[in-house]
Amino acid sequence: MPSHLEIEHLSKHFPLRSGLFGGHGGEVRAVDDVSLTVERGEILGLVGESGCGKSTLSRLVMQLIPPTAGTIRIAGDTLTGLPAGEVRRRRRDFQMIFQDPYASLNPRLTIYSTLAEALRTRHPRLSGSSLIDSVAALMDRVGLDPGFMRKYPHEFSGGQRQRIAIARALAPEPQLILADEPVSALDVSIQSQILNLLRQLRRDLGLTMIFISHDLAVVRYIADRIAVMQAGKIVEIGEADRVFHEPTADYTRTLLAAIPRIASR
Amino acid sequence: MPLLSVEDLRVSFHTRNGIVRAVDGVSFTVERGQTVGIVGESGSGKSVTCYSLLGLIPKPPGRIEGGRAIFDGTDLLQLSDPQLNTVRGRRIGMIFQDPMTSLNPYLRISAQLVEPLILHEGLSRAAALDRAIAEMAAVGIPRPADRIHAYPHEFSGGMRQRVMIAMALITRPEILIADEPTTALDVTIQRQVLDLIKARQAELGTAVIFITHDLAVVSEVCDQVNVMYAGRFVERAPVNELFTSPLHAYTRALQASIPALQTKGEDLYTISGRPPDLSRPIPGCAFAPRCETETRDQCLTDRRPELVEKSPNHWVQDCPGCLGPLRGNPQS
């Protein structure tokens, strides 16, 4: 059986423009010949510093930008090269969670409207009381009180907003969740709630997840395997504890040496 | 005698939604050369504490309701703005989370670095420029004599933070207030900036007040740590002691909720609920609604728990509810 997500020789090069009329400026290899697989139900941690290409990689997987070269397959189906309409249809299968839930939720929609819209991408005929029931079930699943479904995003705290964003990502019943720094903007005490929630969702729903973060301690905790990215390339990939405790790539060692640690334990 | 002694500082903001007690009776001291940490979550009042010492909170809506901040024999809270100008940026320097918001984008770095020297020390422009270049070299900026004439946007985030540190330390202040100085930086750059602050501090003997939400950063840079919650200090201890034997329920819960200290596969401890609404008076223990100790029903409700010294240098709010063992948590 093929892996759930297979990325083969994926590249994305952006042209560098020099001067007013473009000219020949070379290119930036934001993603440079990346190959990796993610198994069903696995959480893959993707770490790297700003500018390493991890966001470009996630936008490629989400089919938001076309790759320069390479293929992406989800559950055996090749996504790269599909016509635009088909990409839109398939997009339900992979959903994203962003760092700043406030920026990614429509401030003028109630939680009900946001979630109902997302639910209907998968079940267009859902309406009336069954739609309300589905929204309530979704809110329940992410630990929100369904009694709040008529409220607006600004009426919620940061942690609750991230729960709403997670609920919206779950609504179209995706097979793959791409979480881009989902806890970086949250306070320590809220961060632990969201991490617990993501682990619980993986257990209950068998979700496959790519968890992007700059925080190695968080990734070590939540991910099954860790991929370390530098300058567009995956420099190391392996089982999380192994990468964390016995890194083989020099760059991983540099990263690990840099994280502040609580020494006295 | 401590270099800085803050006693019962109270700061509030008078807003349309009522009086928000952002800092509610905070006391601490800073000794020469020492690094004192203030750790807390967003909205706990850690930045307001430091900003109010330098007259940097907007008034109105901000108002200093009481307290003293004795620095070298004078109460900073009583100084007029012109008097504060002789302290701010000269004897007490400051660096912020985002260097881009505190550097003037229209001015070359050189203009911004020489300004405090000309203003505070009366140096000539040429002499000030020499000192500025030396300071750029001291914070590890390559080719400082050329780079000093660049604009802030021509530097990377880490280099900008170095420039900020150079600017804050150029007048050899006795205290450096660092407000989340590495939060916006990548981990390898954070390492360089933390090391740089420590190195410059050792060379110059500067005391540092380090504000952060990051417990790991605290554990690396601070000598003494204050844990802040809802405008109050709930615990203060030497850094190692705070991590080996935390006393207050909030401190213990925080430590149990960070992934770095937990075994993989085990659920993280979570603190239920939200921080209290500071626009309502809190007569008793501010953590009581979220406290999950076995003795939580003993949390003080009628009077505020006092900070008491439980063991030498280890202070904690004396709330019987918050000192009991945490429920369902192997860490406690």
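Source: prediction; values computed, not measured.

### Considerations on the overall build of chain B
In terms of regular secondary structure, chain B is built from eleven helices and twelve strands. Here the C-alpha radius of gyration of chain B, 21 Å, is about what a compact globule of 332 residues would show, namely 20 Å. In terms of overall dimensions, chain B has a C-alpha envelope of 65 × 50 × 40 Å along the principal axes. The burial tally for chain B puts 52% of its 332 residues in the buried class. The long-range fraction of contacts in chain B, counting pairs at least 24 apart against all pairs at least 6 apart in sequence, stands at 63%.

### Details of the interface of chain B and chain A
Contacts between the two partners involve 39 residues from chain B, matched on the other side by 34 residues from chain A. Across the chain B to chain A interface the summed buried area is about 3,100 Å²; carbon plus sulfur atoms make up 52%. The set of elements that each furnish at least two residues to the side of chain B that touches chain A consists of helix 8 (187–204), helix 9 (215–221), helix 10 (239–244) and helix 11 (249–257) of chain B. Among the elements that make up the side of chain B that touches chain A, the one with the highest residue count is helix 8 of chain B (six residues).

### Describing a nonpolar patch on the surface
All names here are of chain A. Nonpolar side chains collect at one region of the surface, where Phe-14, Leu-16 and Val-28 lie side by side and expose about 220 Å² of accessible area between them. Among the structural elements, Leu-16 can be located in the loop between strand 1 (5–15) and strand 2 (27–38). Residue Leu-16 is classed as partly exposed on the basis of its relative accessible area of 42%.

### Some thoughts on the side chain of Thr-171 of chain B
Residues and elements named next belong to chain B. Inspection of the secondary structure assignment puts Thr-171 in the loop between helix 7 (157–169) and strand 7 (175–179). Given a relative accessible area of 7%, Thr-171 falls into the buried group. Not counting the four nearest positions on each side in its chain, Thr-171 is found in contact with Gly-89, Arg-90, Pro-116, His-120, Glu-121 and Arg-131.

### A word on the sheet that holds strand 9 (residues 224–229) of chain B
Two strands in a sheet stick together by hydrogen bonds in their backbones, pointing the same way (parallel) or opposite ways (antiparallel). Residues and elements named next belong to chain B. Spatially, eight strands are ordered 6-7-8-3-9-10-12-11 in an open sheet, and the strand pairing comes out mixed. With one partner strand each, in any of the chains shown, strand 6 (92–95) and strand 11 (307–311) form the two edges of the open sheet. Recorded for the sheet is a direction-independent mean angle of 20 degrees between the axes of neighbouring strands. Pairing analysis gives five bridges linking strand 3 (residues 35–39) to strand 8 (residues 207–212), with the strands arranged parallel. Bridge pairing in strand 8 links Val-39 to Thr-212.

### A few points about the state of the cysteines
All names here are of chain B. One pass over the structure, following the stated rule, counts zero disulfides over all chains. With no disulfide of its own, Cys-299 has Cys-319 as its nearest cysteine by sulfur position, at a separation of 3.7 Å. A relative accessible area of 7% means that Cys-299 is categorised as buried. Cys-322 takes part in no disulfide bond, and the closest cysteine sulfur to it belongs to Cys-285, at a distance of 3.5 Å.

### Re helix 7 of chain B
All names here are of chain B. In this model helix 7 runs 18 Å from its N-terminal to its C-terminal C-alpha over 13 residues, within 8% of the 18 Å that 1.5 Å per residue would give. The element helix 7 is extensively covered by neighbouring structure, given that eleven of its 13 residues are classed as buried. Every buried residue of helix 7 is listed here: Gly-158, Arg-160, Gln-161, Arg-162, Val-163, Met-164, Ile-165, Ala-166, Met-167, Ala-168 and Leu-169. Buried positions along helix 7 lie against strand 6, helix 3 (99–102), helix 4 (109–121), helix 5 (125–138), strand 7 and helix 8.

### Considerations on empty space enclosed by the protein
Residues and elements named next belong to chain A. In this structure the tally under the stated criterion is four cavities of 30 Å³ or more. In this structure, the largest cavity occupies an estimated 50 Å³ of space. Lining the largest cavity we find Ile-7, Leu-36, Leu-44, Leu-46, Leu-57, Ser-58, Val-61, Leu-178, Ile-210 and Ile-212. Only strand 3 (43–47), helix 1 (54–61) and strand 8 (208–213) provide two or more residues apiece to the lining of the largest cavity. Looking at the lining of the largest cavity, the element that brings in the most residues is helix 1, giving three residues. For the lining of the largest cavity, the residue count by class is nine nonpolar, one polar and no charged. As a volume, the second largest cavity reaches approximately 40 Å³.

### Things to note about the environment of Leu-215 of chain B
Within the fold, Leu-215 of chain B resides in helix 9. Of the residues examined, Leu-215 of chain B reaches a relative accessible area of 5% and is grouped as buried.

### A look at the packing of aromatic side chains
Counted under the stated rule, the structure contains six aromatic pairs over all chains. Aromatic side chains Phe-148 of chain A and Phe-156 of chain A sit 6.2 Å apart centroid to centroid with 75 degrees between the ring planes, which places their arrangement in the edge-to-face category. Among the residues examined, Phe-148 of chain A registers a relative accessible area of 31% and is labelled partly exposed. Each ring, one from Phe-28 of chain B and one from Phe-233 of chain B, has its centre 5.9 Å from the other, and the planes form 50 degrees; the classification is tilted. Placement of the pair is Phe-28 of chain B in strand 2 (residues 18–30) and Phe-233 of chain B in strand 10 (residues 232–238), with a sequence separation of 205 residues. Of the two residues examined, Phe-28 of chain B and Phe-233 of chain B, each falls in the buried class. A connected cluster of aromatic rings, assembled from ring pairs, spans Tyr-229, Tyr-250 and Phe-287 of chain B. Positioned above the aromatic ring of Tyr-112 of chain A, the side-chain terminus of Arg-150 of chain A is 4.3 Å from the ring centre.

### Comments concerning the pairing of strand 8 of chain B
Residues and elements named next belong to chain B. Within strand 8, six of the six residues are buried, leaving the element largely enclosed by the surrounding structure. Going residue by residue along strand 8, you find Ala-207, Ile-209 and Ile-211 tucked away on one face and Val-208, Phe-210 and Thr-212 tucked away on the opposite face as well. Pairing between strand 7 and strand 8: five bridges, direction parallel. Directly across from Asp-179, in strand 8, lies its bridge partner Ile-211.

Scoring rules and cut-offs
- Counting restarts for each chain, with residues numbered from 1 along the sequence as it is written.
- Starting at A for chains and at 1 for ligands, labels are handed out in the order in which the entities are written.
- Restriction of local features to residues with pLDDT of at least 70 applies here, the model being predicted, together with a cutoff of 80 or more for giving and counting side-chain atom pairs; totals for whole chains, interfaces and linings are based on all residues.
- Hydrogens and waters are ignored; side-chain quantities use all the structure's heavy atoms.
- Each helix corresponds to a stretch of at least 4 residues labelled H or I by DSSP, and each strand to a stretch of at least 2 residues labelled E; elements are numbered beginning at the N terminus.
- Atoms counted for the radius of gyration: C-alpha only. Globule rule: 2.2 Å times the number of residues to the power 0.38.
- Buried means the residue's accessible area, taken with a 1.4 Å probe over protein chains only, is under 20% of the maximum for its type, while exposed means over 50%, and partly exposed covers the values in between.
- Should any heavy atoms of two residues lie within 4.5 Å, those residues are considered in contact.
- Note on definitions: buried area is the accessible-area loss of two parts on being combined, 1.4 Å probe, summed for both.
- Residues form patches when they are more than 30% accessible in relative terms and have no salt bridge. Like charges link within 9 Å. Nonpolar side chains (Val, Leu, Ile, Met, Phe, Trp, Tyr) link within 5 Å.
- What sets the accessible areas is the Shrake-Rupley method with a 1.4 Å probe; for residues, cover comes only from the shown protein chains.
- We define a salt bridge as a side-chain nitrogen of Lys or Arg found within 4 Å of a carboxyl oxygen belonging to Asp or Glu.
- Note on pairing: two strands pair once DSSP finds at least 2 bridges between them.
- Only the stretch in contact is used when a helix axis is fitted, and all axes are lines through C-alpha atoms; the angle between N-to-C directions ranges over 0 to 180 degrees.
- To count as a disulfide, a pair of cysteine sulfur atoms needs to be within 2.5 Å.
- Here, expected helix span is obtained from the residue count minus one, scaled by 1.5 Å.
- Points on a 1 Å grid, built from protein atoms alone, make a cavity when a 1.4 Å probe fits but cannot get out and make a pocket when they are open with protein on both sides within 12 Å along at least 5 of 7 lines; residues with an atom within 4 Å of a point are the lining residues.
- Grid points are joined across faces, edges and corners, and a volume is the space filled by probe spheres set on the points.
- Three classes are used, and their members are as follows: Ala, Val, Leu, Ile, Met, Phe, Trp, Tyr, Cys and Pro are nonpolar, Asp, Glu, Lys and Arg are charged, and the others, Gly among them, are polar.
- Note on aromatic contacts: the rings of Phe and Tyr and the six-membered ring of Trp form a pair at centre separations within 6.5 Å, being stacked when their planes are under 30 degrees apart, edge-to-face when over 60 apart, and tilted otherwise.
- Only when the NZ of Lys or the CZ of Arg is both within 6 Å of the ring centre and within 35 degrees of the ring normal is a charge said to sit over the ring.

These figures capture arrangement, not role.
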